[in-house]
Amino acid sequence: MMKVACKIILAIFVVGLSYFFGCIWKDNVHVVDPNENKNLPIYCVDTKKKEISLTFDVAWGNEDMKEILGILKKEKVKATFFLTGEWVSDFPEEVKQIAKEGHDIGNHGDHHKKMTQLSMDEQKKEIMDLHEKIKLLTGNDITLFRPPYGDYDDNVIKTARACGYEAVQWSVDSLDWKEYGREDLISRTVDHKNLDNGAILLLHTGTLYTKEALQEMINLLKAKGYKFVPVSKLIYTKNYYIDYSGKQYKKTDNGS
């Protein structure tokens, strides 16, 4: 009798845990869904096309921007540059050039603050003040936001979307800012475990080795058969969903 009672108590306990953690059981397979009631940024995109996006976070100096833009132009690669407000104010001509050469410009926060530490009104100000600066220089409304430091929570994503933005992270991190060296940067990117169709690659300007590694990196990625498109051309802008891992999918006709 005691054994039966213990089994019943254990079963109730397990069911309770499953409910608490948002778990579901299907065909004897236990699946945890961390995305339940969460708003997530886009880390990568589900696509059959062999397309990837190069993205640059731009918060420091402009000493390597000319060379980076030159390599991209030579290789006919369109990238996405996430700019901070200070950089936009300091280098307005470079902002115009980035836009003129057909690259995406993204919003990286007016003052590069940790967004989760701000109120929703402050978050909106960080996004929209920079939005207006960039629009004044380029004439374009921008729609891509990358939270500084990759720092976000549910409210940050909600605020970005309320401002007309889609939040974008990355699936392949070059760690170029750690300055491990040119060869490390190349191999860390080209041989990354997450490099696949729809990958979003993270690079930075103002580092020691990014400009030195960029040409070979592009060559090797092209040799793997990848085509480069800016984030605005990679992601879906309507009829999509984002799974628990941050991967964006296009909804099918049946809604799935």
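The structure we're discussing is the one just above.
Residues numbered from 1 in each chain as written. Predicted model: local features only at pLDDT ≥ 70, side-chain atom pairs only at ≥ 80, totals over all residues. Heavy atoms only, no water.

Regarding the overall build of the protein chain
Check the secondary structure of the protein chain and you find nine helices and 13 strands. In the protein chain, which comprises 256 residues, the proportion classed as buried is 46%. Roughly 14200 Å² of accessible area belongs to the protein chain as shown, and the carbon and sulfur atoms make up 54% of that amount. (Helix = DSSP H or I, 4+ residues; strand = E, 2+ residues; numbered from the N terminus. Buried < 20%, exposed > 50% of the residue type's maximum accessible area, 1.4 Å probe, protein only. Areas by Shrake-Rupley, 256 points an atom, 1.4 Å probe, with all protein chains shown as cover.)

Quick word on helix α8 (residues 210-223)
Its 14 residues place the ends of α8 19 Å apart at the C-alpha level, agreeing with the 20 Å of an ideal helix rising 1.5 Å per residue. Maximal helix bending in α8 amounts to about 25°, located at E216. Burial in α8 covers these residues: T210, A213, L214, Q215, M217, I218 and L221. The elements touched by buried residues of α8 are β4 (51-58), α2 (65-74), α7 (182-190), β10 (200-204) and β11 (227-228). Looking one or two residues beyond α8, the residue adopting positive phi is G225, at roughly 95°. (Expected span 1.5 Å × (residues − 1). Bend = angle between axes of the 7 residues up to and from the residue. Contact = heavy atoms within 4.5 Å.)

Describing the packing of helix α5 (residues 120-138) against helix α6 (residues 154-162)
Across the interface, α5 lies against α6 with an axial gap of 10 Å and an inter-helix angle of 50°. As far as their axial angle goes, α6 and α5 are oblique. Two packed elements cross with a definite hand, and for α5 against α6 that hand is right-handed. Contacts from M120, Q123, K124 and I127 in α5 reach N155, V156, T159 and A160 in α6. (Axes fitted to C-alpha atoms, helices over the stretch in contact; angles between N-to-C directions. Parallel < 35°, antiparallel > 145°, perpendicular 65-115°, else oblique. Left-handed = near helix turned anticlockwise from the far one by under 90°.)

With respect to the layout of surface pockets
In this model, the largest pocket occupies a volume close to 230 Å³. Around the largest pocket, the lining is made up of 13 residues, and of these D57, H108, H112, Y149 and H204 lie nearest the centre. Breaking the lining of the largest pocket down by element, the ones donating at least two residues are β4 and β10. Tallied by class, the residues present in the lining of the largest pocket amount to seven nonpolar, four polar and two charged. Roughly 150 Å³ of volume is contained in the second largest pocket. Lining the second largest pocket we find A99, H103, D104, I105, I134, T138, N140, D141, I142, T143, L144 and S232. Here the lining of the second largest pocket is built from residues that sort into five nonpolar, five polar and two charged. (1 Å grid on protein atoms, 1.4 Å probe; cavity = no way out; pocket = protein on both sides within 12 Å on 5 of 7 lines; lining within 4 Å. Points joined across faces, edges and corners; volume = space filled by probe spheres on them. Nonpolar A, V, L, I, M, F, W, Y, C, P; charged D, E, K, R; others polar.)

Considerations on the sheet that holds strand β3 (residues 44-45)
Across a sheet, strands are paired by hydrogen bonds formed along the backbone, either parallel or antiparallel in direction. The sheet built from three strands is open, its strands ordered β3-β13-β12 with mixed pairing. Two strands close off the open sheet at either side, each with one partner strand: β3 and β12 (240-242). Bridge analysis of β3 against strand β13 (residues 247-250) gives two bridges, and the strand direction is parallel. Looking across to β13, one finds that C44 is bridged to K247. (Pairing = 2+ DSSP bridges.)

Quick notes on the environment of K78
Inspection of the secondary structure assignment puts K78 in the loop between α2 and β5 (80-83). Distance from K78 to L54, taken between C-alpha atoms, is 7.9 Å for residues 24 residues apart in sequence. With sequence-adjacent residues up to four places away left out, K78 is seen in contact with E101, G102, H103, F228, V229 and P230. Polar side-chain contacts of K78 include one of 2.6 Å to the backbone oxygen of E101. (Polar contact = N/O pair within 3.5 Å; in protein donor to acceptor, adjacent residues only side chain to side chain.)

Here's the deal with the side chain of T159
Here T159 is to be found in helix α6. Once you skip the residues sitting within four places of it in the chain, T159 turns out to touch M120, Q123, K124 and I127.

With respect to the nonpolar core
Soluble, globular proteins show a tendency: their nonpolar side chains are buried together. If you look at the biggest cluster of nonpolar residues, it comprises 45 residues, and the most contacted ones within it are L54, F56, L72, F81, L83, L214 and L221. Filtering out sequence-adjacent residues up to four positions away, L83 remains in contact with V58, V88, V95, I98, I105, G106, N107, H108, G109 and L130. Counting 15 residues, the second largest nonpolar core, distinct from the first, contains L40, I42, V45 and F82. (Core = buried A, V, L, I, M, F, W, Y, C linked by side-chain atoms within 4.5 Å.)

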